[in-house]
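# Commentary on secondary and tertiary structure
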Amino acid sequence: MSENRIMADSLVKTFTKNEKKNKKVEINAVDGISLSVKEGEIVGILGANGAGKTTLLRMLSKLMKPTEGCVSIRIGDREISDDIEVKRHIGYLSNNTKLYGRLSCRELLKMLGTLYGISDEAVGKKIEEISEVLSLGNFIDNRIEKLSTGQTQRASIARCLIHDPEVYILDEPTLGLDILSSGAIIEFMKRERERGKSILYSTHYMEEAESLCDKIIMIHKGKIISEGTPAALKEQTGKDALRGVFAELIVREGIADEH
Amino acid sequence: MNTKIIRTLIKKELLDVFRDKKTVIMMLVVPVILYPLIFIGAMQVFAAISSSMEKQDYRIAVDAEDDGAFLQALLEISSEKENSGKDEADGESYTLIAYDVRSLDSNHDYMNKLREEEIDAYVVGRMHKDKMLYDVYYMSSVTNSAYAGNIVMDVFEKFREEMTKEKIWQAGLHASEILEPILFEKQDISTNEQSLGSIMGSVLPFMLIISLLMGTMYPAIDTTAGERERGTLETILTLPVASRQLIVSKFITVATIGIISALLNILSMGGIALYMQQIMELGENVQSFDMSRFIPAILIGILAVFAFSLFISAITMCVTSFAKSYKEANNYITPLMLVVMIVGYIGFIPNLELNRTLAMIPVANICLLIKNILVFKIDYMIIAIVLFSNIAYAMLAILFLSKIYDSEAILFGDAKSSFQLFEKRSNIQKGGVPSMSDAWFVMALTIVLILYVGSMMQIKYGIAGLFGTQMIILLVALSVVWYTKKDIRLTYGFHKTGARSYLGGVFMIIGFYLINMVMVTGLAYLFPESTENVSITFSEIMDGNIVGVFFVIAVTPAICEEMLFRGMLFHSMKARYRMPVAIGAVATLFGLYHMSLVKFIPTGLLGLLLCYMVYATGSIYPAMMMHCINNALSVFISCYPKQVEALLPVFSQDTLSLSDVFVLLGAGLLLFGVGLMILQGKHRKKQR
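Residues numbered from 1 in each chain as written. Chains lettered and ligands numbered in written order. Predicted model: local features only at pLDDT ≥ 70, side-chain atom pairs only at ≥ 80, totals over all residues. Heavy atoms only, no water.

### Here we look at the overall build of chain A
A count of helices and strands for chain A gives nine helices and 10 strands. The buried share of chain A, reckoned over its 259 residues, is 51%. Relative to all contacts within chain A whose residues are 6 or more apart in sequence, the contacts with residues 24 or more apart total 68%. Within the structure as shown, chain A displays about 12,000 Å² of accessible surface, and the carbon and sulfur contribution to it stands at 47%. (Helix = DSSP H or I, 4+ residues; strand = E, 2+ residues; numbered from the N terminus. Buried < 20%, exposed > 50% of the residue type's maximum accessible area, 1.4 Å probe, protein only. Contact = heavy atoms within 4.5 Å. Areas by Shrake-Rupley, 256 points an atom, 1.4 Å probe, with all protein chains shown as cover.)

### Thoughts on the packing of aromatic side chains
All names here are of chain B. One pass over the structure, following the stated rule, counts 20 aromatic pairs over all chains. Arranged with centres 4.8 Å apart and planes meeting at 50°, the rings of Tyr134 and Phe156 form a pair that is tilted. Of this pair, Tyr134 sits in strand β4 (residues 131–137) while Phe156 sits in helix α5 (residues 143–170), and the two are 22 residues apart along the sequence. Here the two residues Tyr134 and Phe156 agree in accessibility, since each one is buried. Relative to Phe311, the ring of Phe308 has its centre 6.0 Å away and its plane inclined at 40°; by these criteria the two rings are tilted. Linking Phe308 with Phe311, this pair stays in helix α10 (residues 295–320), spanning three residues, or about one helical turn. Note on Phe311: relative accessible area 7%, which makes it buried. We note Arg566 situated over the ring of Phe590; from NZ or CZ to the ring centre the distance is 4.1 Å. (Phe/Tyr/Trp six-rings, centres within 6.5 Å; stacked < 30°, edge-to-face > 60°. Lys NZ or Arg CZ within 6 Å of the ring centre and 35° of its normal.)

### Observations regarding the interface of chain A and chain B
Taken together, the contacts link 30 residues of chain A with 32 residues of chain B. At the boundary of chain A with chain B, total buried surface from both sides reaches about 3,000 Å², with 58% on carbon and sulfur atoms. At the boundary of chain A with chain B, the tally comes to five salt bridges. Among the ionic pairs, Arg58(A) bridges to Glu234(B), the shortest N-O distance being 2.8 Å. Secondary structure elements with two or more residues in the side of chain A that touches chain B: α2 (83–88) and α3 (105–115) of chain A. (Buried area = accessible area lost by both parts, 1.4 Å probe. Salt bridge = Lys/Arg side-chain N within 4 Å of Asp/Glu carboxyl O.)

### What to know about a nonpolar patch on the surface
All names here are of chain B. A surface patch of nonpolar side chains, amounting to about 580 Å² of accessible area, comprises Val203, Tyr345, Phe348, Leu451, Tyr452, Val453 and Met595. Here Tyr452 shows up in helix α15 (residues 436–461). For Tyr452, a relative accessible area of 39% gives the class partly exposed. (Patch = residues over 30% accessible without salt bridge, like charges linked within 9 Å, V, L, I, M, F, W, Y side chains within 5 Å.)

### Some points on the nonpolar core
Of all hydrophobic cores here, the largest spans 100 residues; its most connected members are Leu35(A), Leu60(A), Met189(A), Leu200(A) and Met218(A). At six residues, the largest contribution of residues to this core is made by α3(A). Setting aside its immediate chain neighbours within four residues, Leu200(A) contacts Ile6(A), Leu35(A), Val37(A), Val43(A), Ile45(A), Leu57(A), Leu60(A), Tyr168(A), Ile169(A) and Leu170(A). Core analysis: the second largest hydrophobic core is formed by 50 residues, Leu204(B), Ala304(B), Leu368(B) and Ile373(B) among them. (Core = buried A, V, L, I, M, F, W, Y, C linked by side-chain atoms within 4.5 Å.)

### A look at the sheet that holds strand β6 (residues 90–93) of chain A
Residue and element names in this part refer to chain A. Taken in spatial order, the six strands line up as β6-β7-β8-β3-β9-β10 in an open sheet, and their pairing is mixed. The sheet is open, and its two edges are formed by β6 and β10 (223–228), each paired on a single side. Each adjacent strand pair in this sheet contributes to an overall mean axis angle of 15°, direction not counted. Sheet analysis places strand β3 (residues 42–46) next to strand β9 (residues 215–220), joined by four bridges and oriented parallel. In the sheet register, Leu46 faces β9, and the bridge partner there is Met218. On the sheet, helix α5 (residues 149–161) packs against β6 and β7 (167–171) and is oriented at approximately 160° with respect to β6. (Pairing = 2+ DSSP bridges. Axes fitted to C-alpha atoms, helices over the stretch in contact; angles between N-to-C directions.)

### Details of the side chain of Ser94(A)
Looking at the element boundaries, Ser94(A) is found in the loop between β6 and α3. A distance of 3.5 Å separates polar atoms of two side chains, one belonging to Ser94(A) and the other to Glu234(B). Apart from residues no more than four positions distant in its own chain, Ser94(A) is found in contact with Asp171(A) and Glu234(B). (Polar contact = N/O pair within 3.5 Å; in protein donor to acceptor, adjacent residues only side chain to side chain.)

### Focus: empty space enclosed by the protein
All names here are of chain B. This structure, assessed with the given rule, holds one cavity of 30 Å³ or more. Of the voids in this model, the largest cavity is the one considered here, and its volume is about 40 Å³. Around the largest cavity, the lining residues are Met26, Met27, Val30, Pro31, Ser211, Met214, Gly215, Ser261 and Asn265. Looking at the lining of the largest cavity, the element that brings in the most residues is helix α2 (residues 21–54), giving four residues. Across the lining of the largest cavity, the residue classes break down as five nonpolar, four polar and no charged. (1 Å grid on protein atoms, 1.4 Å probe; cavity = no way out; pocket = protein on both sides within 12 Å on 5 of 7 lines; lining within 4 Å. Points joined across faces, edges and corners; volume = space filled by probe spheres on them. Nonpolar A, V, L, I, M, F, W, Y, C, P; charged D, E, K, R; others polar.)

### Focus on a negative patch on the surface
Residue and element names in this part refer to chain B. Taken together, the side chains of Glu76, Glu80, Glu162 and Glu166 present a region of like negative charge at the surface. Broken down by secondary-structure element, the contributors of at least two residues to the negative patch are α3 (69–84) and α5. Position of Glu76 among the secondary structure elements: in helix α3. (Lys, Arg positive; Asp, Glu negative; His and termini not counted. Charge placed at Lys NZ, Arg CZ, Asp CG, Glu CD.)

### A closer look at the sheet that holds β4(B)
Residues and elements named next belong to chain B. In space, the four strands of this open sheet follow the order β2-β1-β3-β4, with mixed pairing throughout. Each edge of the sheet is formed by a strand with only one pairing partner; in this case those strands are β2 (95–100) and β4. Within this sheet the neighbouring strands show an average axis-to-axis angle of 20°, counted without direction. In the sheet, strand β3 (residues 121–128) pairs with β4 via seven bridges, with the strands oriented antiparallel. When the bridges of β4 are listed, Met127 appears paired with Met132.

### Quick notes on the pattern of salt bridges
Residue and element names in this part refer to chain A. For the structure on display, the rule yields 33 salt bridges over all chains. Glu39 is the partner of Arg5 in a salt bridge, and the nearest nitrogen-oxygen pair spans 3.5 Å. One end of the pair, Arg5, is in strand β1 (residues 4–18); the other, Glu39, is in the loop between β2 (24–38) and β3, with 34 residues separating them in the sequence. A relative accessible area of 7% means that Arg5 is categorised as buried. For Glu39, a relative accessible area of 32% corresponds to the partly exposed category. One salt bridge in this structure joins Lys62 and Asp83, with 3.5 Å as the shortest N-O distance. Of this pair, Lys62 sits in the loop between α1 (53–60) and β4 (68–75) while Asp83 sits in helix α2, and the two are 21 residues apart along the sequence. Residue class for Lys62 comes out buried when judged on its relative accessible area of 12%. By relative accessible area, which is 27% here, Asp83 ends up partly exposed.

### Some points on the packing of helix α20 (residues 546–576) of chain B against helix α21 (residues 579–593) of chain B
All names here are of chain B. Where α20 meets α21, the axes come as close as 9 Å, and the angle between the chain directions of the two elements is 145°. When the axes of α20 and α21 are compared, the crossing they make is right-handed. In contact with Glu561, Phe565, Arg566, Leu569, Phe570, Met573 and Lys574 of α20, α21 contributes Met579, Ala582, Ile583, Ala585, Val586, Leu589, Phe590 and Tyr593. Residues belonging to the contact of α20 with α21 are distributed by class as follows: 12 nonpolar, no polar and three charged. (Left-handed = near helix turned anticlockwise from the far one by under 90°.)

### Things to note about the packing of α20(B) against helix α23 (residues 621–639) of chain B
Residue and element names in this part refer to chain B. Running from amino to carboxyl end, α20 crosses α23 at an angle of 150°, the nearest separation of the two axes being 8 Å. Of the possible angle classes, the one that applies to α20 and α23 is roughly antiparallel. Remark: the crossing between α20 and α23 carries right-handed chirality. Tallied by class, residues from the contact of α20 with α23 come to 16 nonpolar, two polar and three charged. (Parallel < 35°, antiparallel > 145°, perpendicular 65-115°, else oblique.)

### Digging into α15(B)
All names here are of chain B. The sharpest bend along α15 measures roughly 40° and falls at Ile450. Taken together, the buried positions of α15 are Met436, Ser437, Asp438, Ala439, Val442, Met443, Thr446, Val448, Ile450 and Gly454. Residues of α15 that are buried sit in contact with α11 (326–344), α16 (463–483), α20 and α21. Directly after α15, the chain includes Gly462, whose backbone phi takes a positive value near 60°. (Bend = angle between axes of the 7 residues up to and from the residue.)

### What about α5(A)?
Here α5(A) contains 13 residues, and its C-alpha end-to-end distance of 19 Å stays within 8% of the 18 Å for a straight helix at 1.5 Å per residue. Taken together, the buried positions of α5(A) are occupied by Gly150(A), Gln153(A), Ala155(A), Ser156(A), Ile157(A), Ala158(A), Arg159(A), Cys160(A) and Leu161(A). The inward-facing, buried residues of α5(A) contact β6, α3, α4 (120–134), β7 and α6 (179–194) of chain A together with α8 (233–237) of chain B. (Expected span 1.5 Å × (residues − 1).)

Now the structure itself:
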């Protein structure tokens, strides 16, 4: 049986923006979202640009503090909510998590391993292991700034793997990648799911999400508008592809807004 | 705190920074290449100049009715120079080619030859009322001719001396007794090391401070704004590392690089100094220095460099942390650099003693400390204050930094610069009040301009210069407000307000003035020297006519200073901070702007009152009126001392008796209270 690994309870994130004439406007980028991810499950977050996906994922990975609500993860029979402890068990990847260009891949992995509190010996072993799986072999000692896009993406995945986390939070990991590179990422997610890890990821690619995810959460203007398995969502709206489901739900939401 | 985490982070930061060519070049090029190059270049130029002077021949034509007496003197000096020339340490050796025009073909026009630079000087001597009158013609616009002129004048001095001696001797007297009834000589009891130290003391601190700033600048930008620009900040935030560990490691990295670059600078300068010493010894100039005497100074100097590098690293990091890119960070660093350089000039001020107050002023304290220890003035108490205060400021800055690194608005904020001033004008949206960054920029620029241009104008033009200073205060802010297309009414608080505001204001400012008088007298008692200076400058200004004085001292500041402080600065702050913070900050800046320890409290309080007025009435006009009344009262008391003394003797006394204090305070508080009530009445009416 599988248990809940990530638990988020009614998360709210409010941003204050300075508009014209010094009036401060408060915007809820995330407006009361609760969700959970089980062991060995891939959950996809779908939403238009500005729906609040990135903010939600940043709160889940403890980069941002929620204005309201809380995030915790379960490791074994312990429930952890302390920021630093949670970070220890999360592998977070986004378009904003760039790598240190002036370091080599090996140097970076070694440093990260130490910061995650892994012994030098274990780090060395782990690097060999990761290098094998992701075939980093021929560029692992090159400076990262000299690597190609695909190689850099693999190095980024290696970064997430170094501490063998229980949870992966990936913010649009396949955005702008070619078929080979995005294929590598999808392979990586499937492989980690097999190992019982929990993966939460956001994407714009409906087809990719449809084939990969065990559960889909659709968000719009900071709120969940629908969630369920891809099949259930299709059934609910009577559409035969996820793309149609999403459009349908947005339209419904728009109508609901007007009333 | 887990040291392993910090060690790993520092290792990573150092690796990262040192692999950046820009940092390494900045760190190495200046001390290791630039200094020696500048030095060697200067030596070359100097050598070239002196060698060209050595080889110089000066052609002097003499046309005198003295039977060749002066020509003889000239030739004697010339041959003396030639014989001893090479031993002269000052390098002033030359050959004089002097000839008598009379013995030659005298058809030439020697004046014309001088103009055409064929000869360098032309001496004409003729009898004039029993005396020889010589005219030395030369051209001051031609270097050689100017030198030749000087040489001829020197020869004349000697020539006259000889003649005098001869005359005295002819009269049967003893020449040296008459000409030199006394003897005197200057004796320097400074050790050679002290003289060297005092020369180095004016330049070295400045060089050190600038090199430290340059050394820390790039790593500071690289580890803060650079990290954000390259997008690795979010990566590092995903790690199980506390933000203070992050800050501490970044700070240690920047400070380490600062220290390394400062040490390189010291070593390079030391190397040049030793080289210079060698050259001096070769030049048989027997001024030798015992370098070992500098060891304690160097040790304390290194400690000072350490403390200062902690301070400057923390400050630069604070500044660059707000920037989202290299370019923006550079924009932020420039004003900081200006301030540091200006304060660094303090080392060049002669006779400025490092006292306990100065020991707490950052940058200035390090400059003066290094200057002091170079002349072997070592006061351990003051050294301790300097070192401790630098470290304390650094710690405060670090606390502030870790707050920044906890602020999501700064970490994940959108990449828009808060300096609108550096944007293209067509991209700027109309309306609103200036951003905080722009307001700070205006303040910094205004103060720099006041320091340089303003004080120059005041020295040169007196009261008109004072008016010019006020114009600087007005125009800098106005042009920024114009450029950034801000709403003039909102920015300056040009709003109408009721008669109650003005009436209340009049009562309050007169009350304040009375209370202030008590305070100023108290301060004069505490700091006697500094008030004297104030009153001297004030009475100097008072020499002008009364209308002009009233206009420049009461009316102009009431408009210009109010528009800057209570207008632009206050409204920018109000938009950003809570009201008490905004009022307090403006009042403090207004106090600091008067640049005097004694004036700080009274002017700061005046600033507080005027700020409150703008806040309470929503308009700047009552504050302008109050500022005008306040200054006018001072003008009045200074310009009509007799009338004031007859009417209200309290105002013209230097010291106050206890009863005076009570009367003044009582009356002041009463008036102030009445004013406040009138104003509050207006407030209540508005609320209803």
